[in-house]
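An overview of the molecular structure
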Amino acid sequence: MSNSNFTRRGVLKTGTIAGAGLALPTYLSAASHAGFTNAPTGDTVTLGFNVPQSGPYADEGADELRAFELAVEHLNGEGDGGMLSTFSSKVLDGTGILGKKVNFVTGDTQTKSDAARASAKSMIEKDGAIMISGGSSSGVAVAVQGLCQEAGVIFMAGLTHSNDTTGKDKKANGFRHFFNAYMSAAALAPVLEQLYGTDRRAYHLTADYTWGWTQEESIAAATEALGWDTVEKVRTPLAATDFSSYIAPVLNSGADVLVLNHYGGNMVNSLTNAVQFGLREKQANGKNFEIVVPLYSELMAKGAGKNIAGIVGSQNWDWKLENEKGDRYTGTNAFVKSFGEKYGFPPSQAAQTCYAQTLLYADAVTRAGSFNPCAVVEALEGFEFDGLGNGPTLYRAGDHQCFKDVVVVRGKENPENEFDLVEIVEVTPTEQVTYPVDHPMFSGGALGSCNPGA
Amino acid sequence: MDQIILQFLNGLDKGSAYALIALGLTLIFGTLGVVNFAHGALFMIGAFCAVTLQRILTLSTIVEDPTKTDFLGNPAKISTPYVESWFGPEVGATLIDWSVPLAILFAIPIMVAIGFIMERGLIKHFYKRPHADQILVTFGLAIVLQEVIKAFYGANPIPTGAPEAFRGSFDFGVLIGFDPNAIIYPYWRMVYFAFAAVIIGAVFAFLQFTTFGMVVRAGMADRETVGLLGINIDRRFTIMFGIAAAVAGLAGVMYAPINSPNYHMGMDFLVLSFVVVVVGGMGSLPGAVLAGFLLGILEAFASMNEVKAIVPGIDQIIIYVVAIIIILARPRGLMGRRGVMEE
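Bear in mind that the values here come from a model prediction, so they are computed numbers and not experimental data. (Residues numbered from 1 in each chain as written. Chains lettered and ligands numbered in written order. Predicted model: local features only at pLDDT ≥ 70, side-chain atom pairs only at ≥ 80, totals over all residues.)

Moving on, we come to the interface of chain A and chain B. You'll often see interface size given as the accessible area lost when the parts meet. Taken together, the 35 residues of chain A in the interface contact 33 residues of chain B. For the side of chain A that touches chain B, the secondary-structure elements that each account for two or more residues are helix 2 (58-75), strand 7 (229-236), helix 7 (244-251), helix 8 (265-276), helix 9 (298-304) and helix 11 (332-343) of chain A. The element contributing the most residues to the side of chain A that touches chain B is helix 7 of chain A, with six residues. Residue classes in the side of chain A that touches chain B are distributed as 16 nonpolar, twelve polar and seven charged. (Contact = placed C-beta atoms within 7 Å. Helix = DSSP H or I, 4+ residues; strand = E, 2+ residues; numbered from the N terminus. Nonpolar A, V, L, I, M, F, W, Y, C, P; charged D, E, K, R; others polar.)

Below, the structure written as structure tokens:
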């Protein structure tokens, strides 16, 4: 026989104490993350990937999304691990981030600032995203970076090349791995001098928005320093599709170089039009007429077809880097293998920067031991790393810009296959593309202080 | 002077595309009374007919070549187009090279069929609905069509070259007494202008000199009376919808080498083409053609640096400014008829 002491009051009392005791670790754990926006409380953490899934950069966005998915797979211990094995920081072990499984949500920027802000806001407010990444337009990147600063989440920019992203519009919560227009100009100038000499007259056609303006300014400054004259700078509407009216005045302008500060569909169309008007065969001032496209991607080269042959430009990264330039660019082959086996083609530079940004964020959280944006900012500022395909790289504390080598490329004359559209002409070392934080092209804004949000 | 001539040629070229699209729009509006916002999408589908034929002609047998490797280090896959295997390398290569002109033949039945399906399947249900409803449904259809194309072909522009013989440019200036290299103009753009002139001429001749055309013109003027004479005018108007779709499609096919086709190209032309129709006069076929060339030429001149130095940004607004002036001065447009879109 047993003598039971259970009473209704006793059960309630015991239950309350036991419940409080069981809840205590959870409460303490929540407290350790409290005080910032979307502090993860369960066993998962959500990242938000905001890319153009419609609109003119949708193919670029699709490639970014593929890279994000691959990065999440690798962070969660799936697949072959990609660049986790080559990354110089060894804190990521394939168990998610701080032991939490990584989930992600996606948004469609439509390559429009307002749509991009709306989708980022939705991912932060409704889906609880603690970090936003993605891009393909500097206008979009600047807008979303501002939103993330206000909301108190980290923004790991994808493809954005305007000086303003880490210049006058820089924000403490924003970080850019991709290179910028100044770096393109600094890398291209010596190659242009070597290929085309110092006595040249350049005509600029420029997309009329933040990226185009800063690229035009950077390239004009760099080429004028070589001794080139700038004959004309003509702004073209972003919505333009037929550039014949803008190309025609180039013919008799006295210029012998055309610089196309265009990206995406703009560049494909303006380059096609320039070639149609015979600029590649033209002689001017006793020299061969040349066309320069300071920034282009593999996807744009594919769109331009044969017209890209011989055109010099710059890239943040190229999938052939490690094979052609050696171990300095370790990580490249690991990423190409993972990406290529999963999707059947090599990754673009947009994919590489997005993959790297996701790993860099996860690494910073792990090293900081916290998802708190201010802890992440502290972990990323001044962080030196290697093994993500670009060689030794620094995340500069003063402006949150990555400093690394820049790849100068040229459209291949006789590509062997559809993936072999550009050849690497030179890799410009980091020192040559580095500039002071207070450089005039980047002045006018302040980084401010990190915002942890709620 | 050379710049003026160059921009005039550019204007004719732009005007050709505007005129061809506006001609089709006006045919549909004049016959069926429908404001078809999906017409730009038909232009885009035409361009993708060229892309599709190019892809069909380059369908290939794939053989692994152990002496070469792909980007992952696996044996490379070498592709040989079937047409080269069947007809020999030279004939096969020529067929692929001429894929855009060949696509004219490919596109005509496809575009006519699309026009028929659009008209019978959707647009006929909106004949008696207000113009706002017609605009909404056709605009929605345009978005659906472009998203379908994007799903199949991606968002990246797809290079679709002119035949080798028409690539590059020629010295137009020498032909008219200028110094060599003063006026260089691309071959294919001249071909496009000539093609547009032929199509426009053919449409006018068809309407002017055939019995079918005469009935259609009579129906455009007074549909009820033609109907009372026992003529099935609806069937003829459906055929005209198919012809209008084919005109837009052919304009797109031949435009493919000028700018690489992308799924959004129809929308880029749509708004301007509507301005052209309104400026020309709703329902007026000669008005649409005249306004197309006029606005194309004005747009080209407004892009000149000398003009932009006087009025910055004029290149982006010139068409709309001129449209406002013309509509204020002539509310029915340049050649508009009384009673069209009027109560």
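Formed by 242 residues in total, the largest nonpolar core has its most connected members in L258 of chain A together with L23 and V247 of chain B. Counting the residues that make up this core, at least three belong to each of domain 1 (44-179 + 320-404) and domain 2 (182-315) of chain A. (Core = buried A, V, L, I, M, F, W, Y, C linked by C-beta atoms within 7 Å. Buried ≥ 20, exposed ≤ 12 C-beta atoms within 10 Å, placed from the backbone. Domains from an automatic or database assignment.)

The subject of this paragraph is the UniProt feature "transmembrane region" (unreviewed entry) in chain B. All names here are of chain B. Within this numbering scheme, the UniProt entry marks residues 16-35, 42-63, 102-123, 190-216, 237-258, 270-297 and 309-329 as carrying the feature "transmembrane region" (unreviewed entry). The straight-line gap between the two end C-alpha atoms of residues 16-35 is 21 Å; of that span, 85% is helix and 0% is strand. Within residues 237-258, the helical portion is 86% and the strand portion 0%, while the C-alpha atoms at the span's ends are 32 Å from each other. (UniProt positions renumbered as here; feature names shortened; annotations may be inferred.)

Take helix 3 (residues 113-125) of chain A next. Residue and element names in this part refer to chain A. The end-to-end C-alpha distance of helix 3, which contains 13 residues, comes to 18 Å, matching closely the 18 Å that a straight helix rising 1.5 Å per residue would cover. Among all positions of helix 3, only A116, S119, A120, M123 and I124 are buried. Viewed end-on, helix 3 has its buried residues packed into an arc of 135°, placing them on one side of the element. The outward face of helix 3, more than 90 degrees from its buried face, is lined by the exposed residues D114 and E125. Turning to helix 3, the residues buried within the fold contact strand 1 (44-51), strand 2 (101-108), strand 3 (131-134) and helix 4 (138-151). (Expected span 1.5 Å × (residues − 1). Arc of directions from axis to C-beta.)

The next subject is the sheet that holds strand 14 (residues 393-395) of chain A. All names here are of chain A. If you walk across this open sheet you meet the three strands as 13-14-15, and the pairing is antiparallel. Either end of the sheet is taken by a strand with one partner, and the two such strands are strand 13 (383-385) and strand 15 (402-403). As paired strands, strand 13 and strand 14 are joined by three bridges and run antiparallel to one another. Bridge pairing links F385 to T393 in strand 14. (Pairing = 2+ DSSP bridges.)

It is worth spelling out unusual backbone geometry at this point. All names here are of chain A. In the Ramachandran plot, Q110 falls in the positive-phi region, its phi being about 55° despite a non-glycine side chain. Within the secondary structure, Q110 is located in the loop between strand 2 and helix 3. Residue classification places Q110 among the buried residues on the basis of 21 C-beta atoms within 10 Å. Positive phi, close to 55°, is recorded for N285, a residue that is not glycine. Within the secondary structure, N285 is located in the loop between strand 9 (283-284) and strand 10 (287-288).

Residues shown with low pLDDT carry predicted positions that ought not to be read at fine detail. Residue and element names in this part refer to chain A. When pLDDT is averaged across chain A, the result is 89; 92% of the residues are at 70 or more. Confidence drops under a pLDDT of 50 for residues 1-6, and excluding neighbours within four residues, the segment shows two contacts in the predicted structure. In this model residues 14-33 is a low-confidence stretch, pLDDT under 50, and it forms four contacts with partners more than four residues away in sequence or in other chains. (pLDDT = per-residue confidence, 0-100.)

Here the focus is the domain arrangement of chain A. Residue and element names in this part refer to chain A. Structurally, chain A comprises domain 1 (44-179 + 320-404) and domain 2 (182-315). Placing the centre of domain 1 and that of domain 2 at their C-alpha centroids yields a distance of 29 Å. Taken residue by residue, the interface counts 15 residues in domain 1 and 15 residues in domain 2. Of all elements in the fold, only helix 2, helix 4 and helix 12 (349-368) reach the threshold of two or more residues within the side of domain 1 that touches domain 2. Among the elements that line the side of domain 1 that touches domain 2, the one with the most residues is helix 4, at three residues.

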